[in-house]
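This is what each chain is made of:
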Amino acid sequence: MAEKATPVTPDEIDDIRVTLDLDDGSVECKILTIFEADKQDYIALLPLDKNGNEPEDGDVYLYRYFEDEEGMPRIENIESDDEYEAAADRFDELQDDELYDEL
């Protein structure tokens, strides 16, 4: 029997990194959040610089997020423009809510 991945606490989430293998090389990313939009889970990743620091004006990568049959986290590309727009709009809403809560 395969074991499920151990849940991550809010204190541990800042220490987790995801390495993406892109066409122009690998990039290490920080997980910003995992969220739902239109009954699909997505993950927002912030690419870090070569020293592992957050860039001041970095892009955010959005991917579909799911767990496989063994409970291991997986991501996959968002293929359609409409799906990407829906995920990006939801992520923007979450960012706006977070900013509002900080005020």
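Residues numbered from 1 in each chain as written. Predicted model: local features only at pLDDT ≥ 70, side-chain atom pairs only at ≥ 80, totals over all residues. Heavy atoms only, no water.

Undergrad: So what exactly am I meant to see when it comes to the pairing of strand 4 (residues 61-67) here?
TA: Within a regular strand, the side chains alternate between the two sheet faces. Both strand 3 (residues 40-47) and strand 4 contribute to a ladder of four bridges, which runs antiparallel. When the bridges of strand 4 are listed, Ile43 appears paired with Tyr63. In this structure, strand 4 lies alongside strand 5 (residues 73-76), joined through four bridges in antiparallel fashion. Bridging from a neighbouring strand, Arg64 pairs with Glu76 of strand 5. What sits between the antiparallel neighbours strand 4 and strand 5 is a turn of five residues, in which Gly71 has the positive phi angle 85°. (Pairing = 2+ DSSP bridges. Helix = DSSP H or I, 4+ residues; strand = E, 2+ residues; numbered from the N terminus.)

Undergrad: What's the story with the sheet that holds strand 2 (residues 25-37) in this structure? I'm lost.
TA: One key point about sheets: their strands pair by backbone hydrogen bonds, in either a parallel or an antiparallel sense. Here we have five strands laid out as an open sheet, ordered 1-2-3-4-5, and antiparallel in their pairing. Here the strands that pair on one side only, and so sit at the sheet edges, are strand 1 (17-22) and strand 5. Taken over all neighbouring pairs, the strand axes of this sheet differ in orientation by 50° on average, direction set aside. (Axes fitted to C-alpha atoms, helices over the stretch in contact; angles between N-to-C directions.)

Undergrad: So what exactly am I meant to see when it comes to the packing of aromatic side chains here?
TA: Two aromatic rings are characterised by how far apart their centres lie and by the angle between their planes. In the structure shown here, the tally under the stated rule is two aromatic pairs. One aromatic cluster is present, formed by Phe35, Tyr42 and Phe91 through successive ring pairs. (Phe/Tyr/Trp six-rings, centres within 6.5 Å; stacked < 30°, edge-to-face > 60°.)

Undergrad: Where do I start with a negative patch on the surface in this structure?
TA: On the surface, Asp81, Asp82, Glu85, Asp89, Asp92, Asp96 and Asp97 cluster together to form a negatively charged patch. Among the secondary structure elements, Asp97 is positioned in helix 1 (residues 81-102). (Patch = residues over 30% accessible without salt bridge, like charges linked within 9 Å, V, L, I, M, F, W, Y side chains within 5 Å. Areas by Shrake-Rupley, 256 points an atom, 1.4 Å probe, with all protein chains shown as cover. Salt bridge = Lys/Arg side-chain N within 4 Å of Asp/Glu carboxyl O. Lys, Arg positive; Asp, Glu negative; His and termini not counted. Charge placed at Lys NZ, Arg CZ, Asp CG, Glu CD.)

Undergrad: Got a minute to help me understand the environment of Glu28 in this structure?
TA: Here Glu28 lies in strand 2. Along the primary structure Glu28 and Gly52 are separated by 24 residues, whereas in three dimensions their C-alpha atoms are 7.3 Å apart. Among residues more than four places away in sequence, those in contact with Glu28 are Arg17, Val18, Thr19, Leu46, Pro47 and Leu48. (Contact = heavy atoms within 4.5 Å.)

Undergrad: Explain unusual backbone geometry here, please?
TA: Negative phi values dominate among residues other than glycine, just as trans dominates among peptide bonds. One non-glycine residue, Asp38, lies in the positive phi region at around 50°. Here Asp38 shows up in the loop between strand 2 and strand 3. Of the residues examined, Asp38 reaches a relative accessible area of 66% and is grouped as exposed. Unusually for a residue other than glycine, Lys39 sits at a positive phi of about 65°. By secondary structure assignment, the location of Lys39 is in the loop between strand 2 and strand 3. Since its relative accessible area comes to 79%, Lys39 is described here as exposed. (Buried < 20%, exposed > 50% of the residue type's maximum accessible area, 1.4 Å probe, protein only.)

Read these as spatial facts, not as claims about activity.
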